[in-house]
Amino acid sequence: METWQRNLVVLWIGTLLTSASYSMVIPFLPLFLLKIGVHQHTDIWSGALYSAAFVAGAIAAPYWGSLGDRYGQKPMIVRAGFVLFVIYGLTAFVQHPWELLVLRTLQGLLSGYIPGSVALVGSNTPEDKVGYALSTISAASSAGGIVGPLLGGTIARLFGNRVAFGSASVLVLISTLLALVFVREMNKRRATSRPSVLGAIGGALHNKPLVTALSLNMVVSFSIMTIEPVLTLYIAELDPSASAKNASFLAGLVFSLAGIASVVFAPLWGKYADRIGFAKVLTIGLAGGAVWTFMQIPFHNIIAFAAVRFVYGAFFCAVYPAINGLIVRSTEATFRGRAFGLNQTANQIGNTVGPLVGGAIADATSIHGVFWVTGALLASVTAGAYALLRHPGLLPRSEQAPHTPTP
């Protein structure tokens, strides 16, 4: 097994475990607030816990990316892994909501295992395998998002939330030790500049293809997150006779279908991107995401709606790996950590603003209105991505030449 293949296998496992550990903890924080005695302003506390990590992560990610460019991505992965191990472990012992808020803020400021893994894989994989490798890492993250809530919910039901948080800590420790022992960073070129968030932003602004990729990430994240606050409510409306417990189960099942589709189809899209280019695969994924977002509107049967969500996931799983691929192709290895740090910032901005806008749209119109707006946003981004194919200066040079199938 070649070094890049071993790195991919180890970081696939690590990303799966880290993603699972995250989703074992985060979805259950609102319920945990009730268990530690927060019965007033619970919604405000819950929103603060989610937003704190997003905002902190958006601020800190470029700095850690700069450190990665200077000292290597592997040290950043190991650092972030040990930080998450400590934070999840401490979460098991909190007694007050402000303690949770502090830990969530620290998590946003100090974490970065998965972005570091993406940057390392993108910089240490042969050029003709980058699409496949990045899509494989994306599939691992999706798989962790499926396994985590099931595992966390089961442990919490049998032993309590604190044991679930402790179990998440153990999982991320395993992923960290795997990276520490088995990952080898072959690309030793290092940036010589001092770590600086402003310097990272300034360097990015001079790179039009990188700015294009970052803008796409932010708008796409914003678009899909507009629907997140209301999707569970809509699923419950499709089967009004279901109890609250069954509605939660159905919502979890429908949510997981898009993730399952990603696990199955993301590596296939990655191989296709290596043949025809990331920009073309991005456009196809966005077009499919837009069409199948609109297709979710007319179905008022839970089974049909679930099937449509699966097809949506099969197309949309091409989007983020393609954006990551464009970032790899847009940057030198010595700037790649900063590029993915800024990519994380763009993603967090979209993740923060999207749910607020989606909730406001649903309140002003209806849940169907959110589907219409989300579909229209994705259609607009698709048109923009297609226009990029006609403006070579906004794409990496390797994306401008015609791609031919690899024998």
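Residues numbered from 1 in each chain as written. Predicted model: local features only at pLDDT ≥ 70, side-chain atom pairs only at ≥ 80, totals over all residues. Heavy atoms only, no water.

A. A look at the overall build of the protein. When helices and strands are tallied, the protein shows 18 helices and zero strands. Going through the 407 residues of the protein one by one, you find that 53% of them count as buried. Long-range contacts, defined here as pairs at least 24 residues apart, represent 85% of the contacts in the protein between residues at least 6 apart. Accessible surface, the protein: about 17600 Å² in total, of which carbon and sulfur atoms supply 69%. (Helix = DSSP H or I, 4+ residues; strand = E, 2+ residues; numbered from the N terminus. Buried < 20%, exposed > 50% of the residue type's maximum accessible area, 1.4 Å probe, protein only. Contact = heavy atoms within 4.5 Å. Areas by Shrake-Rupley, 256 points an atom, 1.4 Å probe, with all protein chains shown as cover.)

B. Inspection of the confidence of the model for the protein at higher detail. In this model, the protein carries an average pLDDT of 85, and 88% of its residues clear a pLDDT of 70 or more. Averaged over each element, pLDDT in the protein is lowest for helix α18 (residues 397-400) (62) and highest for helix α4 (residues 73-91) (95). Ignoring residues within four places in sequence, the model shows residues 402-407, a span with pLDDT below 50, making ten contacts including any to other chains. (pLDDT = per-residue confidence, 0-100.)

C. Highlighting helix α17 (residues 367-388). Between its first and last C-alpha, α17 extends 32 Å over 22 residues, near the 32 Å set by a 1.5 Å rise per residue. All buried positions along α17 are accounted for by Ile 367, Gly 369, Val 370, Phe 371, Thr 374, Gly 375, Leu 378, Val 381, Thr 382, Ala 385 and Leu 388. (Expected span 1.5 Å × (residues − 1).)

D. Structural detail: the nonpolar core. Counting residues in each nonpolar core, the largest one holds 55 residues, and the members touching the most others are Leu 11, Leu 282, Leu 286, Phe 316 and Ile 327. Per element, the largest residue contribution to this core is seven residues, and it comes from helix α10 (residues 208-225). Shared between two domains, this core takes at least three residues from each, and those domains are domain 1 (1-185) and domain 2 (196-397). Residues contacting Ile 327, with those up to four places away along its chain left out, are Leu 210, Ala 213, Leu 214, Ala 339, Phe 340 and Asn 343. Core analysis: the second largest hydrophobic core is formed by 25 residues, Leu 17, Ile 36, Val 38 and Ala 164 among them. (Core = buried A, V, L, I, M, F, W, Y, C linked by side-chain atoms within 4.5 Å. Domains from an automatic or database assignment.)

E. A nonpolar patch on the surface, seen in detail. Taken together, the side chains of Phe 82, Leu 177, Leu 180, Val 181 and Phe 182 define a hydrophobic patch exposed on the protein surface, amounting to about 440 Å² of accessible area. The element contributing the most residues to the nonpolar patch is helix α8 (residues 161-182), with four residues. On the basis of relative accessibility, which here comes to 56%, the residue Val 181 falls in the exposed class. (Patch = residues over 30% accessible without salt bridge, like charges linked within 9 Å, V, L, I, M, F, W, Y side chains within 5 Å. Salt bridge = Lys/Arg side-chain N within 4 Å of Asp/Glu carboxyl O.)

F. View of the packing of helix α1 (residues 3-25) against helix α7 (residues 130-159). One can describe the packing of α1 onto α7 by two numbers: an axis separation of 6 Å at closest approach and a directional angle of 35°. In this structure, α1 meets α7 at a crossing whose hand is right-handed. The residue inventory of the contact of α1 with α7, partitioned by class, reads 14 nonpolar, nine polar and no charged. (Axes fitted to C-alpha atoms, helices over the stretch in contact; angles between N-to-C directions. Left-handed = near helix turned anticlockwise from the far one by under 90°. Nonpolar A, V, L, I, M, F, W, Y, C, P; charged D, E, K, R; others polar.)

G. Region of interest: the side chain of Gln 348. Mapped onto the elements of the fold, Gln 348 is located in helix α16 (residues 336-364). Residue classification places Gln 348 among the buried positions, given a relative accessible area of 8%. In this structure, Gln 348 is in contact with Ala 53, Phe 54, Gly 57 and Ala 58, ignoring residues within four places of it in sequence.

H. Just the pattern of salt bridges, in detail. Under the defined criterion, the tally for this structure stands at two salt bridges. Of the charged contacts, one joins Arg 338 and Asp 69 as a salt bridge, the two residues approaching to 2.7 Å between their closest N and O atoms. Of the two residues, Arg 338 sits in helix α16 while Asp 69 sits in helix α3 (residues 42-71), which places them 269 residues apart along the sequence. With a relative accessible area of 10%, Arg 338 lands in the buried category. Residues Arg 329 and Glu 127 are paired through a salt bridge, measuring 2.5 Å at the closest nitrogen-oxygen approach. Taken together, the residues Arg 329 in helix α15 (residues 319-330) and Glu 127 in the loop between α6 (113-123) and α7 connect sequence positions 202 residues apart. In this structure Arg 329 comes out as buried when scored by relative accessible area, which is 15%.

I. Representation of the side chain of Asn 7 within the structure. Checked against the element boundaries, Asn 7 lands in helix α1. Looking at Asn 7, the relative accessible area reads 2%, which means it is buried. If sequence neighbours within four positions are ignored, Asn 7 has contacts with Leu 120, Asn 124, Phe 182, Val 183, Arg 184 and Met 186.

J. Focus on the layout of surface pockets. Its volume calculated, the second largest pocket comes out at about 250 Å³. Lining the second largest pocket are 15 residues; nearest its centre among them are Ile 201, Leu 214, Leu 342, Thr 345 and Ala 346. Looking at the lining of the second largest pocket residue by residue, the class counts come to 13 nonpolar, two polar and no charged. Of the residues that make up the lining of the second largest pocket, three or more belong to each of domain 1 (1-185) and domain 2 (196-397). (1 Å grid on protein atoms, 1.4 Å probe; cavity = no way out; pocket = protein on both sides within 12 Å on 5 of 7 lines; lining within 4 Å. Points joined across faces, edges and corners; volume = space filled by probe spheres on them.)

K. Region of interest: α1. When the terminal C-alpha atoms of α1 are compared, their 33 Å separation across 23 residues agrees well with the 33 Å that a helix rising 1.5 Å per residue should span. Counting buried positions along α1 gives 17 out of 23 residues, so the element sits mostly inside the fold.

L. Layout of the environment of Gly 47. Counting through the fold element by element, Gly 47 comes out in helix α3. In sequence terms Gly 47 and Pro 30 are 17 residues apart; their C-alpha atoms lie 8.9 Å from each other.

M. Focus on the environment of Thr 3. One can find Thr 3 in helix α1. Residue Thr 3 is classed as buried on the basis of its relative accessible area of 16%. When the C-alpha positions of Thr 3 and Met 186 are compared, they lie 8.0 Å apart, and in sequence the two are 183 residues distant. If we skip the residues at most four places from it in the chain, Thr 3 touches Arg 184 and Met 186.

N. Local environment of the packing of aromatic side chains. As enumerated under the stated definition, the model contains nine aromatic pairs in all. For the ring pair Phe 265 and Phe 310, a centre distance of 6.3 Å and an interplane angle of 70° mean the geometry is edge-to-face. Here Phe 310 lies in helix α14 (residues 302-316) and Phe 265 lies in helix α12 (residues 244-276), a separation of 45 residues in the sequence. Using a relative accessible area of 28% as the deciding quantity, one classes Phe 265 as partly exposed. With relative accessibility at 29%, the residue Phe 310 sits in the partly exposed group. Residues Tyr 312 and Phe 316 carry aromatic rings whose centres are separated by 5.4 Å and whose planes lie at 10° to one another, so their mutual orientation is stacked. Of this pair, Tyr 312 and Phe 316 both sit in helix α14, four residues apart, roughly one helical turn. Accessibility expressed as a relative area gives 9% for Tyr 312, which makes it buried. Phe 316 gets classed as buried once you look at its relative accessible area, which sits at 7%. (Phe/Tyr/Trp six-rings, centres within 6.5 Å; stacked < 30°, edge-to-face > 60°.)

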